[in-house]
Amino acid sequence: QVQLVESGGGLVQPGGSLRLSCVASGSSFRMNTMNWYRQGAGKQRELVAGISGSGTTNYGDSVKGRFTVSRDSAKNTAYLQMNSLEPEDTAVYYCSADLQIVGRPFPSRYWGQGTQVTVSS
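Residues numbered from 1 in each chain as written. Predicted model: local features only at pLDDT ≥ 70, side-chain atom pairs only at ≥ 80, totals over all residues. Heavy atoms only, no water.

(A) Quick look at the pattern of salt bridges. The tally for this structure, following the rule as stated, stands at six salt bridges. Glutamate 86 serves as the salt-bridge partner of arginine 66, at 3.9 Å between the closest nitrogen and oxygen. Of this pair, arginine 66 sits in the loop between strand S6 (57-59) and strand S7 (67-72) while glutamate 86 sits in the loop between strand S8 (77-82) and strand S9 (91-101); the two residues are 20 residues apart in sequence, bridging distant segments of the chain. Overall, the relative accessible area of 12% leaves arginine 66 in the buried class. Residue glutamate 86 is classed as partly exposed on the basis of its relative accessible area of 32%. The residue aspartate 98 makes a salt bridge to arginine 109 at a minimum N-O spacing of 2.7 Å. Of this pair, aspartate 98 sits in strand S9 while arginine 109 sits in strand S10 (residues 108-111), placing them 11 residues apart in sequence. Overall, the relative accessible area of 17% leaves aspartate 98 in the buried class. Several salt bridges share partner residues, and in doing so they unite Arg38, Glu46, Arg66, Glu86 and Asp89 into one network. (Salt bridge = Lys/Arg side-chain N within 4 Å of Asp/Glu carboxyl O. Helix = DSSP H or I, 4+ residues; strand = E, 2+ residues; numbered from the N terminus. Buried < 20%, exposed > 50% of the residue type's maximum accessible area, 1.4 Å probe, protein only.)

Below, the structure is given as structure tokens:
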């Protein structure tokens, strides 16, 4: 049983910073791409940032230059450093991971439960 657990969300003032973490645990696996998504109230879920198994990163246009995605494969963890936060960044943030489970022929995508980020003065 594989689980992804996000942490690090909370309430922050505009201009502030937060660091989200996403830890994968459970069966033996290899982490491939890990992504961060967000969904604001009344909005569609959008891709915020992603990082491949080799470390290649990509970002949504609205967060470029402010957010940084990274990973520590030894700890099965991905991070999202969020700086210069704006009220428009308020959303539930989800991580997803494409995991190759040992003994299975293909990787599967797993999702965390989400963590709330609220940017408000």
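(B) Structural context of the pairing of strand S1 (residues 3-7). Where burial is concerned, the two faces of S1 differ: the one with Leu4 and Glu6 is buried and the one with Gln3, Val5 and Ser7 is not. Two elements, S1 and strand S3 (residues 18-25), share five bridges in a ladder whose sense is antiparallel. Residue pairing across strands places leucine 4 opposite alanine 24, the latter belonging to S3. (Pairing = 2+ DSSP bridges.)

(C) Representation of unusual backbone geometry in the model. Phi is positive for asparagine 76, which is not a glycine, with a value near 50 degrees. Relative to the helices and strands, asparagine 76 resides in the loop between S7 and S8. On the basis of relative accessibility, which here comes to 24%, the residue asparagine 76 falls in the partly exposed class. Despite not being glycine, serine 84 shows a phi value in the positive range, around 50 degrees. When you line up the elements, serine 84 lands in the loop between S8 and S9.

(D) Local environment of the sheet that holds S1. The four strands lie next to each other as S1-S3-S8-S7, forming an open sheet whose pairing is antiparallel. Edge strands, defined here as strands with exactly one partner in the open sheet, are S1 and S7. Strand after strand, the sheet turns through a mean of 15 degrees between neighbouring axes, direction not considered. (Axes fitted to C-alpha atoms, helices over the stretch in contact; angles between N-to-C directions.)

(E) Seen up close, the packing of aromatic side chains. All told, the structure shown has one aromatic pair when counted by the stated rule. Judged by centre distance (5.0 Å) and plane angle (45 degrees), the ring pair of tyrosine 37 and tryptophan 111 falls under tilted. You can see tyrosine 37 sitting in strand S4 (residues 29-39) and its partner tryptophan 111 sitting in strand S10, a full 74 residues away along the chain. Classification of tryptophan 111 by relative accessible area gives partly exposed; the value is 37%. In this structure, arginine 45 packs its charged tip against the face of tryptophan 111, placed 4.9 Å from the ring centre. (Phe/Tyr/Trp six-rings, centres within 6.5 Å; stacked < 30°, edge-to-face > 60°. Lys NZ or Arg CZ within 6 Å of the ring centre and 35° of its normal.)

(F) Molecular detail of the pairing of S9. S9 sits mainly inside the fold: 10 of its 11 residues count as buried. Judged from the nine bridges that link them, S4 and S9 form a sheet pairing that is antiparallel. When the sheet's bridge partners are listed, asparagine 35 is paired in S9 with serine 96. Here four bridges tie S9 to S10, and the two strands are oriented antiparallel to one another. Paired with alanine 97 across the bridge in S10 is tyrosine 110. In this antiparallel pair of consecutive strands, S9 and S10, the connection spans six residues, and glycine 103 shows a positive phi of 95 degrees.

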